[in-house]
Amino acid sequence: MKVGWIGLGAMGWPMAKNLRRAGHEVLVYTRTREKAKAHAEAFGTRAVEELEGLAEAEAIFTCLPTSNEVEEVARALLPHLRPGTLWIDCTSGDPAASRRIAALLAEAGARFLDAPVSGGTAGAEAGTLAIMVGGDAADFERARPLFEALGKTIVHLGPVGAGHATKAVNNTLLATALLAAAEGLLALKRAGVAPEKALEVINQSSGRSFATEVLFPERVLDRSFPLTFKLGLLAKDVRIGNRVVEDADVPSPLFHLTRELYQAAARTIGEDADHTEAVKLVESLAGEEIR
Ligand code: NDP
């Protein structure tokens, strides 16, 4: 299939590469033109100079920071789109914005799927992402061969917005687990239990999570905090997660507290720090590092 790709960041770069490796013709565009050229040279994709150059593609992917940028490029491409173009948004976006973008694209006869992903840069590189899809079943089936080049777990969750809502809830759970683990491990350290030892048993017990199994052992305890997923992007996901619970009128004190904590973390530690650095908020309140 001829595919357009917008956004060659930490996730978009390897995902566009995997589509090419699966045999699709891939046209790439990003804000910084040199990156698109470098991608084309490295992987045999085709860099387009102007956004309009993507209009010849049958399917157009976006993998941008937020729904705001997706709406911006959708508006810019709208006059050039051909009827039947399938727009697949892998951004961790906002469900309400996605419904708006879907309606906008429909003016040109284009179709929209929200298809945010989970699995991080490692999953993007390996083509093993979990893909959470919202939109019409027929559009989902059309996109399936493309999704199969990107991920292993591919689930159609409901109408437009269902993918983004699910992703926002997932990431709010990740955010909560990360800070709760930081508080618990710091307390155990003060009680004389080494965090590594505590994790050895927690990770065989019911309190385990992705944070305790992967993030603490591989990124926090060694203080490496490699930048793979920006703290500002996780704080954005938690804000969306809060809109999801509020729209559903579910009492949600934990989601609200998590939003406040991640707003503070992004403000004090920095939007461009890795998300695992959020544990430094707990550490600064306690006046002590976990290690
Ligand atoms: P990055 O910040 O690494 O990349 C964002 C990309 O978007 C950059 O290539 C940037 O361009 C491009 N961009 C920004 N604005 C525009 C625009 N107006 N027009 C064209 N291109 C633009 O983000 P990630 O790749 O980490 O994340 C992308 C999405 O995926 C986010 O929604 C994030 O929440 C989500 N996500 C991230 C994960 C991760 O582990 N990193 C995991 C799962 C989901 P340029 O570089 O050219 O300036």
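Our structure's up above, just so we're on the same page.
Going along each chain's sequence as written, the residues are numbered from 1 onward. Selection of residues for local features in this predicted model requires a pLDDT of at least 70, selection of side-chain atom pairs for listing and counting requires 80 or more, and totals for whole chains, interfaces and linings are taken over all residues. The side-chain numbers reported here are obtained from all heavy atoms of the structure, hydrogens and water having been left aside.

Caption draft 1: Focus on the overall build of the protein chain. Starting at the N terminus, helices and strands are each numbered in turn, a helix being any DSSP run of H or I of at least four residues and a strand any DSSP run of E of at least two. When helices and strands are counted, the protein chain shows twelve helices and nine strands. Restricting the calculation to C-alpha atoms gives the radius of gyration, and the globule rule supplies 2.2 Å times the number of residues raised to the power 0.38. The C-alpha atoms of the protein chain give a radius of gyration of 20 Å, which matches the 19 Å a tight globule of 291 residues would have. Expressed along its principal axes, the backbone C-alpha trace of the protein chain runs to roughly 65 × 45 × 35 Å. Accessible area is worked out with a 1.4 Å probe on protein chains only. A residue is then buried under 20% of its type maximum, exposed over 50%, and partly exposed in between. Sorting the 291 residues of the protein chain into buried and exposed places 51% on the buried side. Contact criterion: two residues are considered in contact whenever any of their non-hydrogen atoms come within 4.5 Å of each other. The contacts in the protein chain between residues at least 6 apart in sequence include a share of 66% that link residues at least 24 apart.

Caption draft 2: Local environment of the packing of aromatic side chains. The rule is short: rings of Phe, Tyr and Trp, with Trp giving its six-membered ring, pair when the centres are within 6.5 Å, and they are stacked under 30 degrees, edge-to-face over 60, tilted in between. In this structure the tally under the stated criterion is three aromatic pairs. With 4.7 Å between their ring centres and 20° between their planes, tryptophan 5 and phenylalanine 61 make a pair best called stacked. With a gap of 56 residues between them, tryptophan 5 in strand E1 (residues 2–6) and phenylalanine 61 in strand E4 (residues 59–62) connect regions that are remote in the sequence. On the basis of relative accessible area, phenylalanine 61 is assigned to the buried category, the value being 0%. Seen from their ring centres, phenylalanine 140 and phenylalanine 147 are 6.1 Å apart, and the 35° between their planes marks the pair as tilted. Using a relative accessible area of 4% as the deciding quantity, one classes phenylalanine 140 as buried.

Caption draft 3: Inspection of the side chain of aspartate 274 at higher detail. When you line up the elements, aspartate 274 lands in the loop between helix H11 (253–269) and helix H12 (279–286). The class of aspartate 274 is buried, set by a relative accessible area of 1%. For aspartate 274, the side chain forms a polar contact with the main-chain nitrogen of threonine 228, separated by 2.9 Å. We define a polar contact as two N or O atoms separated by no more than 3.5 Å, with the added condition that, inside protein, one atom must be a possible hydrogen donor and the other a possible acceptor, whereas residues neighbouring each other in sequence contribute only through side-chain atom pairs. Side chain to side chain, aspartate 274 and histidine 275 meet in a polar contact 3.3 Å long.

Caption draft 4: Fine view of the site of the ligand. If even one non-hydrogen atom of a residue comes within 4 Å of a molecule or strand, that residue is called near it. Surrounding the ligand, one finds 25 residues, the nearest of these being Arg31, Thr32, Lys35, Thr228 and Lys230. Residue serine 92 places a main-chain N or O atom 3.0 Å away from an oxygen atom belonging to the ligand. Side-chain polar atom of lysine 236 to an oxygen atom of the ligand: 3.0 Å apart, as the coordinates give it. Per-residue and other accessible areas follow the Shrake-Rupley method at a 1.4 Å probe size, with only the shown protein chains counted as cover for residues. Relative to its free-state accessible area of 900 Å², the ligand is covered by the protein chains to the extent of 92%. Mapped by element, the contributors of at least two residues to the shell around the ligand are helix H3 (67–77), helix H5 (120–126) and helix H10 (231–247). Looking at which element gives the most residues to the shell around the ligand, the answer is H3, with three residues. By residue class, the composition of the shell around the ligand is ten nonpolar, eight polar and seven charged. The two domains that each donate at least three residues to the shell around the ligand are domain 1 (2–159) and domain 2 (165–286). Gly falls in the polar group here, along with every residue not listed as nonpolar (Ala, Val, Leu, Ile, Met, Phe, Trp, Tyr, Cys, Pro) or charged (Asp, Glu, Lys, Arg). Each domain's limits were defined by an automated method or a database of domain assignments.

Caption draft 5: A look at helix H2 (residues 33–43). The set of residues buried in H2 consists of Ala36, His39 and Ala40. When H2 is viewed along its axis, its buried side chains cluster within an angular range of 100° and face the same direction. In H2, the exposed positions that point more than 90 degrees away from the buried face belong to Glu34 and Glu41. Summarising the contacts, the buried residues of H2 are in contact with helix H1 (12–21), strand E2 (25–29) and strand E3 (46–47). The directions from the helix axis to the C-beta atoms are what the arc is built from.

Caption draft 6: Quick peek at the pairing of strand E5 (residues 86–89). Neither face of E5 is open: one carries Leu86 and Ile88, the other Trp87 and Asp89, and all of them are buried. As defined by bridge partners, E4 adjoins E5 across four bridges and the pair is classed as parallel. Within E5, the position partnered with phenylalanine 61 by the bridge is isoleucine 88. A crossover links E4 with its parallel partner E5, the connecting element being H3, and its sense is right-handed. Across four bridges, the pairing between E5 and strand E6 (residues 111–114) is parallel. Note on E6: the bridge partner recorded for tryptophan 87 is phenylalanine 112. Note that the unit made of E5, helix H4 (residues 95–106) and E6 has a crossover that is right-handed. Only when DSSP finds a minimum of two bridges between them are two strands counted as paired. A clockwise path from the first strand over the helix to the second, with the strands pointing away from the viewer, defines a right-handed crossover.

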